[in-house]
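# Fold and geometry: a report
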Amino acid sequence: MGWTGAEDKLAKYCATARPPRRLAARRLSTAAASPWPCPPDPPPRPPPPPAASPFHAFSNHPHPAVAEFARAGFSRLADHPLVARAVHAVALRRALPLSAFHLNTLLAFYFRQAAGRSSSTAAAAAAALHLFDAMPHRTESSWYTAVSGCARCGLDGAAFGLLRDMRERGVPLSGFALASLATACERWGWAEGAACGAAIQALTHRAGLMGNVYIGTALLHLYGSRGLVPEAQRLFSEMPERNVVSWTALMVALTSNGYLEDALEAYRRMRREGVMCNANAFATVVSLCGSLEDEAAGLQVAAQVVVSGLHTHVSVANSLITMFGNLGRVQDAERLFDRMEERDTISWNAMISMYSHEGVCSKCFLMLSDMRHGGVRPDMSTLCSLISVCASSDHVTHGSGTHSLCLRSGLHSSVPILNALVNMYSAAWKLSDAEFLFWNMSRRDIISWNTMISSYVQSDNCIDALKTLHQLLQSNEGPPNHMTFSSALGACSSPGALIDGRMIHAMVLQRNLHNNLLIGNSLLTMYSKCNSMEDAERVFQLMPTYDVVSCNVLIGGYAALEDGTRSMHVFSWMRGAGIKPNYITMINILGSFKSLDDLHNYGMPLHAYMAQNGLLSDEYIINSLITMYATCGDLESSADIFYRIINKSAISWNAMIAANVQHGHGEEALKLFMDMRHAGNKLDRVCLVECLSSSASLASLEEGMQLHCLGVKCGLDSDSHVINAAMDMYGKCGKMDEMLKVLPDPASRSTQCWNTLISGYARYGYFKEAEDTFKDMVSLGPKPDYVTFVALLSACSHAGLVEKGIDYYNSMASTFGVSPGIKHCVCIVDLLGRLGRFAEAEKFIEEMPVLPNDLIWRSLLSSSRTHKNLDIGRKAAKNLLELDPFDDSAYVLLSNLYATNARWIDVDKLRSHMKTIKVNKRPACSWLKLKNEVSTFSIGDRSHIRAEKIYAKLDEILLKLKAVGYIADTSSALHDTDEEQKEQNLWSHSEKLALAYGLIVVPEGSTIRIFKNLRVCADCHLVFKLVSMVFHREIVLRDPYRFHQFRGGSCSCSDFW
């Protein structure tokens, strides 16, 4: 805004707000000639002798302020309002001629009285304005005093009206008056206040008053309160004179808007320019160091405070206590508090706030007790700190009690207290209570809105968070600031929310907040979680300043995409830029390594760097190393690191258990769990989830049920992650009925919960139930994700519903915004291949959006064996072996394909080649678990202790099945022998041995549960169906691909597997 335009703007404010010169105040005088209200004058007295002073009667008065009236006027009487009014009355009664000086001090007195009276401000201000109107001669000081007085009393219209009159009468402007008006603008709305501040600054330039420190300081405060940091910095640079108050105002403006490093640099510049700090400046910079948690800077400033001798000042000592608390130097704060000769409420609040920050609830309430016994009454800050320390489900009872104390203290309607209560209830997972308080507040500030938005984000209620931001933008309750947008960006933390995140980014740019470090880091986090790393890189490159958080967020984004190379590039850059990495940096980088190549190229060198720099003492880094080595395939190194840890925490045990689960060593994982329990470690959510996962991979129902019961006993059964893991365990152990018992209500199901349910139905071939569950999920709100469609397409594949499968695949991106991945493509290839539609499958592979991997070619090769398609099978095997020449499954499937086509010479050649390159076929095995005993069988196995009874049972089964028409399906026999030998070989398959044993040991009426490590053959599938009918038994067979539930001669897969 140009100066002329700004002046016009200011003139408009003055014109539209005519001052209420006479606010219904009763006239204090009826005498036209006298400016003072008084009864009718008595007969005039003779004038005093010329030599006598009109104030001679006051000079000998015993009250010192009255005795100095002739020289000091009413200024010395300001602290004695009754005496001042008495002196005024005497002056009126005796018609003493008050000079302009005396009248100005009287005017200042009345305005001061008006500003200090909350109940009668209007009447007192009216009296002051009446006095101003009746003054026979107004000096410049009269005008300045009136303008300033009106501004202090909140009579902004009157103040600007007086400013207009001043300019009309040619009264020169003063920094004192303009400073008062600038201060008044802080009470206005954001836009009006900012515009009026710019107009006052322009007027100050024209009046040549930029050298006035008072107006410059007032404008700095105004710009700081409006978040206009660039304008404040520009104004400060233009100020020809700057004192300690100006520097302090700049530091406050920077600090309040999140520019903490800039504020600390301003302090250093002030010191270099030789400006001496006062108590306020030290209090500001000490608090700043505490907010930065910069121990070196904080201790340096503390030393400067001691040298200056201001450490005994109460406000400075209070700030030092707060800083020590933020730095975690609790004992230093306690020593300083104990040595304080004088304490005020803020001193006690600082200690309570420190204990609150440390989370020591008991000490907070002990300090409150001491405070009250010392006769100090808790105020709003005290209660806010007490409420904050109760912001958890563990202390919510104390929080509710503090809420009651607020009601008894009459402070329950205080905005800061309501803000703290909203935060407390939301942190204690009582979001409905937090919402009730927030939406019923009679008045809110920007902190109120920020707290509610943050509460919604923390509760994963992102839609309501964005709705609340929209309502804030429509309201007039304070402009959104950097904290507002930082919280709102937290609601955009998934790829589906990228558009919302970009809209908020646009608002940030519109308000010129993009240079704020917190905003920059929040934008980086949002784009990283939305998998939009190009946008994240662009934000990072445009950020004026970085910190370790910025780099950690960027590395974390690459880690989520498993891009170890770029993670290391950022790490190298931050080291070159002098940014010291912390433990989060290391954890994020280690999490980005997923292969042996990553391990050798980056992981092991980084491990060496950590050792050289003394980082291996950090528990979190050690645990991340355990996970990294296991993820990259080196479980032995993970175990070596784990067993070197002397004092193993629960996190270390969890990391090692998870590593074994990841490598399929379920039994070892459960052994580690028992060792952990014996070592005295408490069961937590992470450990329980990993152990349930281990039971699921082992299909160990009994251990899984025991773990689930233990979780219920420990109060972990309501945790969503535990519920999902328990559901997955029951589903993979063939207990769909138990899985459905654990299932939460539809309204409270997470996306993972829905996915687990759909996947469970898919394994059993229950397509209709899987599809209905998917439809319920869509209608109830949780958005389907990558895993949802893997489960749904798998259900289509198991049911042979190719058209439905393709329709769902095509709707992924267009309808649900989910980009197809390799696992979705495998499902489609498997679906087409199972039905023998190989031309379509080949076309799909050529056009699919991702490169084919081993799963694609293995699925196609398996389907070609089923349909005896040599051409497709050879192509698939060729591509599979190009990816891995030692893939045993490729040779086995191709050999089986040759065998089904009776190409025995090719079979022999292939098997000979496997021997040459030392590739062995994984032997088939089946097992059955009864109580604590696991019985494992291989083909033709006679090692079992009850082998004779098992084979006798097999003979009995064969006789009964032949009686109902059983004929062996020798197409599953893959050796070049006669039919009789083929039938004999088929009858000794491992799953048949397990079935015979199950019929012997599993009681009548109980389900026989058998597990096999390879796909069940057609003949065994037929035998299981017939046995379920002839022996009236329910049988569940789990192979690596699905469950088969046999009952009454039929299978849940409908013979499509």
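Rules behind the numbers
- Residues numbered from 1 in each chain as written.
- Predicted model: local features only at pLDDT ≥ 70, side-chain atom pairs only at ≥ 80, totals over all residues.
- Heavy atoms only, no water.
- Helix = DSSP H or I, 4+ residues; strand = E, 2+ residues; numbered from the N terminus.
- Rg over C-alpha atoms; globule rule 2.2 N^0.38 Å.
- Buried < 20%, exposed > 50% of the residue type's maximum accessible area, 1.4 Å probe, protein only.
- Contact = heavy atoms within 4.5 Å.
- Lys, Arg positive; Asp, Glu negative; His and termini not counted.
- Charge placed at Lys NZ, Arg CZ, Asp CG, Glu CD.
- Patch = residues over 30% accessible without salt bridge, like charges linked within 9 Å, V, L, I, M, F, W, Y side chains within 5 Å.
- Areas by Shrake-Rupley, 256 points an atom, 1.4 Å probe, with all protein chains shown as cover.
- Salt bridge = Lys/Arg side-chain N within 4 Å of Asp/Glu carboxyl O.
- Expected span 1.5 Å × (residues − 1).
- Pairing = 2+ DSSP bridges.
- Arc of directions from axis to C-beta.
- Phe/Tyr/Trp six-rings, centres within 6.5 Å; stacked < 30°, edge-to-face > 60°.
- Lys NZ or Arg CZ within 6 Å of the ring centre and 35° of its normal.
- pLDDT = per-residue confidence, 0-100.
- Axes fitted to C-alpha atoms, helices over the stretch in contact; angles between N-to-C directions.
- Parallel < 35°, antiparallel > 145°, perpendicular 65-115°, else oblique.
- Left-handed = near helix turned anticlockwise from the far one by under 90°.
- Nonpolar A, V, L, I, M, F, W, Y, C, P; charged D, E, K, R; others polar.
- Disulfide = S-S within 2.5 Å.

Here we take up the overall build of the protein. Looking only at helices and strands, the protein has 57 helices and 6 strands in total. Taken over the C-alpha trace, the protein has a radius of gyration of 41 Å; the compact-globule value for 1057 residues is 31 Å, which it surpasses by more than 25%. Along the first, second and third principal axes, the C-alpha set of the protein runs to 150 × 60 × 55 Å. Burial status across the protein gives 50% buried among its 1057 residues. Sequence-distant contacts in the protein: of pairs separated by 6 or more residues, those separated by 24 or more amount to 63%. Of note, the protein has its 100 positive side-chain charges centred 7 Å away from the centre of its 102 negative side-chain charges.

Side chains of Tyr583, Ile584, Tyr620 and Ile651 sit close together on the surface and give an oily, nonpolar patch of about 350 Å² of accessible area. One can find Tyr583 in helix α34 (residues 583-590). Assessed through its relative accessible area of 36%, Tyr583 is described here as partly exposed.

Of note in this structure, Trp429 is not a glycine but carries a positive phi near 60°. Secondary-structure assignment places Trp429 in the loop between α24 (415-427) and α25 (431-439).

Let us look at helix α44 (residues 751-764). Taking 1.5 Å of rise per residue, the 14 residues of α44 would be expected to cover 20 Å, and the 21 Å separating its terminal C-alpha atoms lies within 8% of that figure. In terms of burial, α44 is a largely internal element, 12 of the 14 residues being buried. Taken together, the buried positions of α44 are Cys753, Trp754, Asn755, Thr756, Leu757, Ile758, Ser759, Gly760, Tyr761, Ala762, Arg763 and Tyr764. Looking at the packing, one finds that the buried side of α44 touches α42 (720-732), α43 (736-742), α45 (767-780), α46 (786-799) and β5 (1043-1047). Phi for Gly765, located one or two positions after α44, is positive at around 80°.

Another aspect to go through is the sheet that holds β5. Pairing in this open sheet of 6 strands is mixed, and the strands run β2-β1-β3-β4-β5-β6 from one edge to the other. Of all strands in the sheet, those with a lone pairing partner are β2 (933-938) and β6 (1050-1051), marking the two edges. Direction of pairing for strand β4 (residues 1035-1038) relative to β5: antiparallel, over a ladder of 4 bridges. Paired with Arg1038 across the strands is Phe1043, a residue of β5.

Right, let's get into the side chain of Thr484. Tracing the chain through its elements places Thr484 in helix α28 (residues 482-490). Setting aside its immediate chain neighbours within four residues, Thr484 contacts Ile446, Asn450, Ile453, Leu469 and Leu472.

Let us now look at helix α31 (residues 533-542). Among the residues of α31, Met533, Asp535, Ala536, Val539 and Phe540 are the ones counted as buried. Buried residues of α31, viewed axially, fall in a sector of 155°; they line one side. Exposed side of α31, more than 90 degrees from the buried face: Glu534, Gln541 and Leu542 are the residues found there. In this structure, the buried residues of α31 make contact with α29 (498-510), α30 (517-529), α32 (548-560) and α33 (564-576).

We now examine the packing of aromatic side chains. Counting across every chain of the model gives 26 aromatic pairs. On the basis of an interplanar angle of 70° and a centroid distance of 5.7 Å, the ring pair of Phe774 and Phe816 is categorised as edge-to-face. Taken together, the residues span a long stretch of sequence, with Phe774 in helix α45 and Phe816 in helix α47 (residues 802-816) at a distance of 42 residues. Neither residue differs from the other here; Phe774 and Phe816 are each classed as buried. Three or more aromatic residues joined by ring pairs make a cluster, and in this case those are Tyr761, Tyr764, Tyr766 and Phe1043. In this arrangement the basic side chain of Arg343 is found over the ring face of Trp348, its NZ or CZ atom lying 5.7 Å from the centre.

Tallied over the full model, the rule gives 34 salt bridges. The shortest N-O distance in the salt bridge between Glu956 and Lys960 comes to 3.3 Å. Taken together, the residues span about one helical turn, with Glu956 and Lys960 both in helix α54 (residues 947-963) at a distance of 4 residues. Glu956 gets classed as partly exposed once you look at its relative accessible area, which sits at 30%. Taking relative accessible area as the criterion, Lys960 reaches 37% and is therefore assigned partly exposed. Between Asp1019 and Lys992 there is a salt bridge, with its nearest N and O atoms 2.9 Å apart.

Here we come to the pairing of β5. The buried fraction of β5 amounts to 4 of the 5 residues, a majority that puts the element mostly inside the structure. The turn joining β4 and β5, which pair antiparallel and follow one another in sequence, is formed by 4 residues. Sheet topology places β5 next to β6; 2 bridges connect them, and they run antiparallel. Looking at β6, one finds that Arg1047 is bridged to Ser1050. In this antiparallel pair of consecutive strands, β5 and β6, the connection spans 2 residues, and Gly1048 shows a positive phi of 60°.

Next up on the list: the confidence of the model for the protein. Summarising the model, the protein shows a mean pLDDT of 83, and 92% of its residues fall at 70 or more. Low pLDDT, under 50, characterises residues 1-7; the stretch is placed with 13 contacts to residues that sit more than four places away or in other chains. When the criterion is pLDDT under 50, residues 13-52 qualifies, and its contacts beyond four places in sequence or with other chains add up to 52 contacts.

Turning our attention to the environment of Leu701. Within the secondary structure, Leu701 is located in helix α41 (residues 701-713). Through-space distance from the C-alpha of Leu701 to that of Asp675 is 21 Å; in sequence the pair is 26 residues apart. Residues contacting Leu701, with those up to four places away along its chain left out, are Met729, Tyr730, Cys733, Lys735 and Arg1009.

Within the fold, Asn257 resides in the loop between α14 (244-256) and α15 (260-272). Residue class for Asn257 comes out buried when judged on its relative accessible area of 10%. The residues contacting Asn257, other than those within four sequence positions of it, are Gly224, Gly227, Val229, His482 and Asn516.

Moving on: the packing of α24 against helix α26 (residues 446-458). As a packed pair, α24 and α26 sit with axes 9 Å apart at the nearest point and diverge in direction by 5°. Here α24 lies roughly parallel to α26, going by the angle between them. On α26, the residues that touch Val415, Asn419, Val422, Asn423 and Ser426 of α24 are Ile447, Ser448, Thr451, Met452 and Ser455.

All right, on to the environment of Val316 then. Summarising the element assignment, Val316 is placed in helix α18 (residues 314-326). For Val316, a relative accessible area of 0% translates into the label buried. Between the alpha carbons of Val316 and Tyr761 there is a distance of 67 Å; along the sequence they are 445 residues apart. With near-sequence residues (within four places) excluded, Val316 lies in contact with Ala279, Phe282, Ala283, Val305, Leu310 and His311.

Here strand β1 (residues 925-930) pairs with β2 via 6 bridges, running antiparallel. Paired with Ser926 across the strands is Phe937, a residue of β2. The hairpin turn running from β1 into β2, its antiparallel successor, is 2 residues long, and Lys931 in that turn takes a positive phi close to 55°.

For the pair α18 and helix α19 (residues 330-339), the least separation of the axes is 8 Å and the interaxial angle reads 160°. Considering their axes alone, α18 and α19 lie roughly antiparallel with respect to each other. Viewed along their axes, α18 and α19 form a crossing whose handedness is left-handed. Counting all contacts with α18, which are made through Ala317, Leu320, Ile321 and Phe324, the residues of α19 involved are Val330, Asp332, Ala333, Leu336 and Phe337. When its residues are assigned to classes, the contact of α18 with α19 shows 8 nonpolar, no polar and 1 charged.

Residue position: Leu383 is located in helix α22 (residues 380-389). Along the sequence, Leu383 and Thr402 sit 19 residues apart, while their C-alpha atoms lie 7.1 Å from each other. Setting aside chain neighbours within four positions, we find Leu383 in contact with Thr402, Leu405, Cys406, Leu411 and Ile417.

What follows deals with the state of the cysteines. This structure, assessed with the given rule, holds 0 disulfides. The thiol sulfur of Cys733 is not disulfide-bonded, and the nearest other cysteine sulfur, from Cys709, lies at 13 Å. In this structure Cys733 comes out as buried when scored by relative accessible area, which is 1%.

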